Amino acid sequence: MVVEHVIEFPDWRRELAQLLEGLDVFLVGVHCELAELERRERLRGDRRVGEGRSHLEVDLIHAFGPYDLDVDTTGGVDPTLVEAVLTSWRARSGPSALTANGW
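Described in the following lines is the structure provided in the data block. This structure is a prediction, so every number in the text was calculated from the model and none was measured.

## Structural notes on the side chain of Ser96
Tracing the sequence through the fold places Ser96 in the segment after helix H4 (79-91). Residue class for Ser96 comes out buried when judged on its relative accessible area of 10%. Side-chain polar atoms of Ser96 contact the side chain of Asp68, separated by 2.9 Å.

## Some words on the environment of Gln18
When you line up the elements, Gln18 lands in helix H1 (residues 10-19). Along the chain, Gln18 and Leu34 lie 16 residues apart, while their C-alpha atoms are 31 Å from each other.

## Notes on the pairing of strand S2 (residues 69-72)
Going residue by residue along S2, you find Leu69 and Val71 tucked away on one face and Asp70 and Asp72 left uncovered on the opposite face. Here four bridges tie strand S1 (residues 28-31) to S2, and the two strands are oriented parallel to one another. Of the residues in S2, the one forming a bridge with His31 is Asp72.

Parameters and conventions
Residues numbered from 1 in each chain as written. Predicted model: local features only at pLDDT ≥ 70, side-chain atom pairs only at ≥ 80, totals over all residues. Heavy atoms only, no water. Helix = DSSP H or I, 4+ residues; strand = E, 2+ residues; numbered from the N terminus. Buried < 20%, exposed > 50% of the residue type's maximum accessible area, 1.4 Å probe, protein only. Polar contact = N/O pair within 3.5 Å; in protein donor to acceptor, adjacent residues only side chain to side chain. Pairing = 2+ DSSP bridges.

If you want it as structure tokens, here you go:
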């Protein structure tokens, strides 16, 4: 199962760790350049332009815990990126970054 969710606050990350305890979790941090993020916000039409910038610069959404894998989607999502995620998922060992280090 793939779930897309922006973890906006440290408490949300802790809550997810509790809710998903005992499940096989592979946490992927999806990133892109700010200009691309803002372009996507404008195209979607259901986001307030500036929300992504706020997440990065004020909320620091990627700063309160590691990911099992980080990917950059600035150039889009192509089969190579998908294969890199699958390869990393298949090769994982140990606990998920979501539950490691006391999360």
